[in-house]
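# Observations on chain architecture
Below, each chain spelled out in residue letters.
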Amino acid sequence: MKDSEKNEKNTVSAKNENAPAESGTGGVFLDSLASFSTTEIAPKLPKKLPPISSYMIKTVVMIVLIAIMLLCVSEVVESMRGYKEAGDIYDDLSGIMGDILSKTDPAVSKSDKNFHGGTTENFGTPTIPEINEGPSDDTVSETLILLRAKLKSLRETNPDVIGWISIPGTVIDYPIVQTEDNDYYLDHSITGTYLKSGSIFADYRNASDWSDQNTVLYGHNMASGEMFAALAKFKSGSFFRANRYIYIYTDEGIRVYTVFSAYETNTYNPYTRMHFASDNEFVEWAKKAYKSSLKAVYDYTFKFKGSDRILTLSTCTNGFNEDGRLAVHAVLTEIRN
């Protein structure tokens, strides 16, 4: 054998000796797997959570229901506390005025029958009830003197007081306040304390001397029946016909208004409009307010003039519509002073 052939064989043999040995049919890859444990190749899956039992579901539901019930009870207790607080405040105030207002019904003065229902020319209301004998003029004069003194006393406590409203047949018997906006007295009493039921207040855009063609008063429709909740009674024809008059007590005297319209509306209706470009515009607005009245109370014929002064009472309807409102309109009949 030649020396060159021997050298070639030796080279091939050396290469084969240095090459890694193959093991089995998988070769190097399968041999490498042998160095891993089974958990490293295929990690164990996390244990499944135990199924939620019906008992656990009932327990959670019960806890949620108890929490809701406690929240509702808390709301009821808070509302009752607010109602009591409002009752205490306004009962005390009614006590201040009650001794005066009980002395005379200003609507039944034997000296002036037009005082209790306006003039025939203005209203055309021959079905207005007959007027009974009322207190003497001396009694009315005495009442006015005491009334002014009491209003002055109230204003010393709160200068925002501009009058007092009373509606026979209802619990509406409250002081009237007015400030620089329509927000403050939504949740403040006449004493200035926080009160959920708020106060009866005049629109801040109205003149405080009641000279505007339409003066607007606001009050909450409380579930307790307080504030302006009783306005809903005017939706009944029988109540409307038996309780037509609203009394506003001011320094000027006793202003008597005759109710001519009651209806449900919304905040988009200009029923609270108070300023008009002309008397004709005002009269047209008043006619629309009258014609909007519920049919149950639409039984009188009214004729409006530019010189009329209207009182509008507004409260929420407490329905699903947050913009729902109940409006009651009355026209000034007489001023006793």
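Refer to the preceding data block for the structure.
What you are looking at is a predicted structure, and each value in this text was computed from that prediction instead of being measured. (Residues numbered from 1 in each chain as written. Predicted model: local features only at pLDDT ≥ 70, side-chain atom pairs only at ≥ 80, totals over all residues. Heavy atoms only, no water.)

### Re the sheet that holds strand 2 (residues 173-177)
Pairing within the closed barrel is mixed, and its eight strands lie in the order 1-2-3-4-7-8-6-5. If you compare each strand with its neighbour and ignore which way they point, the axes differ by 30° on average. One ladder, built from five bridges, connects strand 5 (residues 245-249) with strand 6 (residues 254-266); its direction is antiparallel. Along strand 6, the bridge assignment pairs Tyr 245 with Thr 258. Strands in contact with helix 8 (residues 279-291) are strand 4 (214-218), strand 6, strand 7 (310-316) and strand 8 (324-336); relative to strand 6, the strand with the most contacts, it is inclined by about 65°. (Pairing = 2+ DSSP bridges. Helix = DSSP H or I, 4+ residues; strand = E, 2+ residues; numbered from the N terminus. Axes fitted to C-alpha atoms, helices over the stretch in contact; angles between N-to-C directions. Contact = heavy atoms within 4.5 Å.)

### Quick word on helix 8
The end-to-end C-alpha distance of helix 8, which contains 13 residues, comes to 18 Å, matching closely the 18 Å that a straight helix rising 1.5 Å per residue would cover. Looking only at helix 8, the buried set comprises Phe 282, Val 283, Trp 285, Ala 286, Ala 289 and Tyr 290. The arc that holds every buried residue of helix 8, seen down its axis, measures 160°, which confines them to one face. Away from the buried face of helix 8 by more than 90 degrees, exposed residues Asn 280, Lys 288 and Lys 291 are located. Buried residues belonging to helix 8 abut strand 4, strand 6, strand 7 and strand 8. (Expected span 1.5 Å × (residues − 1). Buried < 20%, exposed > 50% of the residue type's maximum accessible area, 1.4 Å probe, protein only. Arc of directions from axis to C-beta.)

### Observations regarding the pattern of salt bridges
Under the definition given, this model contains seven salt bridges. Its salt-bridge partner being Glu 252, residue Arg 255 comes within 2.9 Å of it at the nearest N-O pair. Of the residues examined, Arg 255 reaches a relative accessible area of 3% and is grouped as buried. Among the residues examined, Glu 252 registers a relative accessible area of 37% and is labelled partly exposed. (Salt bridge = Lys/Arg side-chain N within 4 Å of Asp/Glu carboxyl O.)

### Observations concerning the environment of Asn 269
Mapped onto the fold, Asn 269 is located in the loop between strand 6 and helix 8. Take Asn 269: its relative accessible area is 22%, and that puts it in the partly exposed class. For Asn 269 and Arg 325, which are 56 residues apart along the polypeptide, the C-alpha to C-alpha distance reads 9.5 Å. Within the local environment of Asn 269, its side chain forms a polar contact with the side chain of Thr 265, the two groups lying 2.9 Å apart. (Polar contact = N/O pair within 3.5 Å; in protein donor to acceptor, adjacent residues only side chain to side chain.)

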